[in-house]
Amino acid sequence: MSETTQRLAALRAEMKREGLAAFIIPTSDFHDTEYVADYFAARRHFSGFTGSAGTLVVLADKAALWTDGRYFIQAEKELDGSGIDLMRMGQEDTPSILSYLETNLKPGETVGFDGRTVSFREAREWKRKLAAKGIELESGKDLVSRVWTDRPPMPKSETFVYPLEFAGKSVQEKLADVRQVMAEEGAKAHIITKIDEIIWLYNFRADDIPCFPAALSYALITPESASLYIDESRVDAGTKKQLADAGVELKPYDRIYEDANVLEGPVMIDPSFVNTRIAGSLPTKPLEMPDPIVMMKAVKNEAELAATREAHLKDGVAVTEFMYWLKNLPADAGETEVSAADYLRGRRKEQEGYFEDSFATISAYKENAAMMHYHPGAVDVPLKQEGMLLVDSGGQYMDGTTDITRTFVLGPITDEEKKWFTKALRGHIRLEKAKFLHGCRGLNLDILARGPMWEEEIDYQCGTGHGVGHVSNVHEAPNGFRWKIVPERNDSCVLEPGMITSDEPGVYEEGKFGIRHENEILVKAAGKNRYGQFLEFEPLTFVPFDRDGIDPALMTEDEIQWLDDYHRDVYDKIAPRLKDESIKAWLKDVTRPLRG
């Protein structure tokens, strides 16, 4: 019996004792966080699937895991032999979680979950649909803690002040903005559970989650008061003073449930974020609406933009130095996927203000890159002077968050690989050079990136781009690029000047290769006339695209001109920051005109 099947057997025994026919384990914590601390890695613990997104449903005699197109190949490998069926979300023949439960359960049976890990909106929908089939729902079941005996501790990293020079707005100013919305909506209190919103609002950071400088905490705002629910022993002196100066009171982390129970309404909550237990603790029906902080922090202010531009230039130096090293490796270098990622991290560490990566680096050689979010496993794959290495990486700097993907050609590649390398690059360019009217959403523009692949009747089965936070989560709502609305993802808002989004189309052929090209791009105002306000994108990322993978014959003249202009900007911005003259000379060569 494998470790996974043993863990599932223990969970099923506990389910039987509780009279549960099914138990749901999402990928989440009490704050609806995308990437979670080890304490909350329950879905990974009970399934063996290590991807960042997925939901495990366990029944008495079967189990299934739902995940999206980024992880189909990876999940199939990791679930093999576990007895857990893979449910490929978005595929025509894949049932929803609720359909699966309706099919496999009988009227009168009960589904359990921990209400702290599921949003109020999602749990309410589950209850409504399952009740129609006579199936009951129980939200107060924390079976995970009972069964996971060696569970890691809750994180308690020390906080630190995020400087006003980079934040651009004081805590007092941000609280005033939130209170203005509350007054307009008639709210007497506002509960905030998303940790990226809380660290933005209160201008502090921490280290509870790898690559995401946040602290597990809650916030409560009223017209006269503000609170931060966190273990006070972990709050540094500078943050304590900053919060005290803004009239923010520190309270114990779990006290939020007790305080929610006595709040005078209307209490404003975002039902997509606030967990079921908190919402259920309120004495009156909540005022449900999108959290105003989502848009406030998505539209970066001028100080944040100036800082993030600087962060991207520093990151551009690090990745350019990495590219030079990688492209000039001798045949007997003995480097691997892991050592390449380590070398890149070393270059970032040399940059002022860097303190950690913004996510775990994806360093994927040849066919491994077909798994979009691949990470090297037990076998560290050696690099050779052939094929392609996809590296998706980023850094957290005190002045900004970066996210970049480049696909590097290490030696001879096939005509097929060069074709798709160029097609994906064409998609990237078409989106980045777009000009569009205000009012457009990522849904309107996604076809620009996806078009060159759709023309060949293939697709990359994921979004084209996501919002990026400011020294925060690398995946930020509510902006993004995708061709259809995905209900569980809040990434289809109207694009506004100041929003930062990734542009990362790709091609993934299982067993062969994976290709992705990614820049971060900033929405900014273009011309305004009788037709309306036009917008365009400003690239923030400055690193060469590997010309060894490009077939100019497959590109249009305006695409080639864009690439030449971009590469000229790369040289002009990065070269003065390079200390090694040999790297500077190499950069001059690889950024020359494509037909030069």
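Here the structure is shown first, and the text comes after it.
Residues numbered from 1 in each chain as written. Predicted model: local features only at pLDDT ≥ 70, side-chain atom pairs only at ≥ 80, totals over all residues. Heavy atoms only, no water.

### Considerations on the overall build of the protein
Secondary structure assignment for the protein yields 19 helices and 28 strands. Its C-alpha atoms give the protein a radius of gyration of 24 Å, near enough to 25 Å, the size a compact globule of 596 residues would have. Principal axes of the C-alpha set define a box for the protein whose edges measure 70 × 60 × 50 Å. Looking at the protein as a whole, 58% of its 596 residues are labelled buried. Counting contacts in the protein only where the partners sit at least 6 residues apart, residues at least 24 apart contribute 69% of the total. (Helix = DSSP H or I, 4+ residues; strand = E, 2+ residues; numbered from the N terminus. Rg over C-alpha atoms; globule rule 2.2 N^0.38 Å. Buried < 20%, exposed > 50% of the residue type's maximum accessible area, 1.4 Å probe, protein only. Contact = heavy atoms within 4.5 Å.)

### With respect to the pattern of salt bridges
Scanning the entire structure with this criterion turns up 52 salt bridges. When the shortest N-O distance is used, the salt bridge between Asp392 and Arg516 registers 2.9 Å. Separated by 124 residues along the polypeptide, Asp392 in strand E17 (residues 388-393) and Arg516 in strand E26 (residues 513-516) bring together distant segments of the chain. Each member of the pair, Asp392 as well as Arg516, carries the same accessibility label: buried. For Glu581, the salt bridge identified is with Lys584, shortest N-O distance 3.5 Å. Separated by three residues within a single helix, Glu581 and Lys584 lie in helix H19 (residues 581-590), roughly one turn from each other. In this structure, a network of salt bridges that share partners links the residues Glu14, Arg17, Glu18, Lys141 and Arg146. (Salt bridge = Lys/Arg side-chain N within 4 Å of Asp/Glu carboxyl O.)

### Focus on the nonpolar core
Counting 68 residues, the largest nonpolar core has Leu326, Phe436, Phe537, Leu563 and Leu587 as its most contacted members. Those residues within four positions of Leu563 in sequence are excluded, and the remaining contacts are Leu425, Ile429, Phe545, Ile550, Met555 and Leu594. Formed by 55 residues, the second largest nonpolar core is a distinct cluster that contains Phe40, Leu175, Met182 and Ile221. (Core = buried A, V, L, I, M, F, W, Y, C linked by side-chain atoms within 4.5 Å.)

### Details of a nonpolar patch on the surface
Taken together, the side chains of Ile447, Trp454 and Trp483 define a hydrophobic patch exposed on the protein surface, amounting to about 290 Å² of accessible area. Position of Trp454 relative to the elements: it lies in helix H17 (residues 442-454). Residue Trp454 is classed as partly exposed on the basis of its relative accessible area of 34%. (Patch = residues over 30% accessible without salt bridge, like charges linked within 9 Å, V, L, I, M, F, W, Y side chains within 5 Å. Areas by Shrake-Rupley, 256 points an atom, 1.4 Å probe, with all protein chains shown as cover.)

### Thoughts on the environment of Glu367
Position of Glu367 relative to the elements: it lies in the loop between strand E16 (362-365) and E17. Each C-alpha atom of the pair Glu367 and Ala477 lies 31 Å from the other, and the pair is 110 residues apart in sequence. Setting aside chain neighbours within four positions, we find Glu367 in contact with Gly511, Lys512 and Phe513.

### With respect to the sheet that holds strand E18 (residues 395-397)
Strands sit in the order E15-E18-E19 across an open sheet of three strands; the sheet is antiparallel. Edge positions in the open sheet fall to strand E15 (354-357) and strand E19 (400-401), since each of these has one partner strand only. By the bridge criterion, three bridges tie E15 to E18 in an arrangement that is antiparallel. By the bridge assignment for E18, Glu356 is matched with Gln396. Here helix H15 (residues 337-349) sits on the sheet in contact with E15 and E18, set at roughly 155° to E15. (Pairing = 2+ DSSP bridges. Axes fitted to C-alpha atoms, helices over the stretch in contact; angles between N-to-C directions.)

### Focus: unusual backbone geometry
The residue after Gly265, namely Pro266, is reached through a cis peptide bond having omega 5°. In this structure, Pro478 follows Ala477 across a cis peptide bond, with omega equal to 5°. The residue Gln461 is not glycine, and still its phi comes out positive at about 55°.

### Looking at the packing of helix H4 (residues 97-104) against helix H5 (residues 120-131)
Orientation of H4 relative to H5, taken along the N-to-C sense of each, is 30°, at an axis distance of 11 Å. Note on packing geometry: the crossing formed by H4 with H5 is right-handed. Residues Leu98, Leu101 and Glu102 of H4 form the contact with H5, whose participating residues are Glu125, Trp126, Lys129 and Leu130. Of the residues belonging to the contact of H4 with H5, the class tally is four nonpolar, no polar and three charged. (Left-handed = near helix turned anticlockwise from the far one by under 90°. Nonpolar A, V, L, I, M, F, W, Y, C, P; charged D, E, K, R; others polar.)

### Regarding helix H14 (residues 302-327)
Turn by turn, an α-helix covers 3.6 residues, leaving residues three or four places apart pointing in a common direction. Taking 1.5 Å per residue, 26 residues should reach 38 Å; H14 reaches 37 Å between its end C-alpha atoms and fits that length. The buried fraction of H14 is high, at 19 of 26 residues. N-cap assignment for H14: the residue whose side-chain oxygen lies 3.1 Å from the backbone N of Ala303 is Asn301. (Expected span 1.5 Å × (residues − 1). Polar contact = N/O pair within 3.5 Å; in protein donor to acceptor, adjacent residues only side chain to side chain.)

### Thoughts on the side chain of Thr308
With respect to the helices and strands, the residue Thr308 is situated in helix H14. Judged by its relative accessible area of 3%, Thr308 is buried. Here Thr308 is in contact with Asp399, Gly400, Thr401, His470, Ile500 and Leu540, once residues within four sequence places are set aside.

### Brief notes about the packing of helix H16 (residues 415-432) against H17
Contact geometry of H16 with H17 gives a least axis separation of 7 Å together with a crossing angle of 160°. Judged by the inter-axis angle, H16 sits roughly antiparallel to H17. Two packed elements cross with a definite hand, and for H16 against H17 that hand is right-handed. Contacts from Lys423, Ala424, Arg426, Gly427, Arg430 and Leu431 in H16 reach Leu445, Ile447, Leu448, Ala449, Gly451, Pro452 and Met453 in H17. For the contact of H16 with H17, a count of residues per class yields eight nonpolar, two polar and three charged. (Parallel < 35°, antiparallel > 145°, perpendicular 65-115°, else oblique.)

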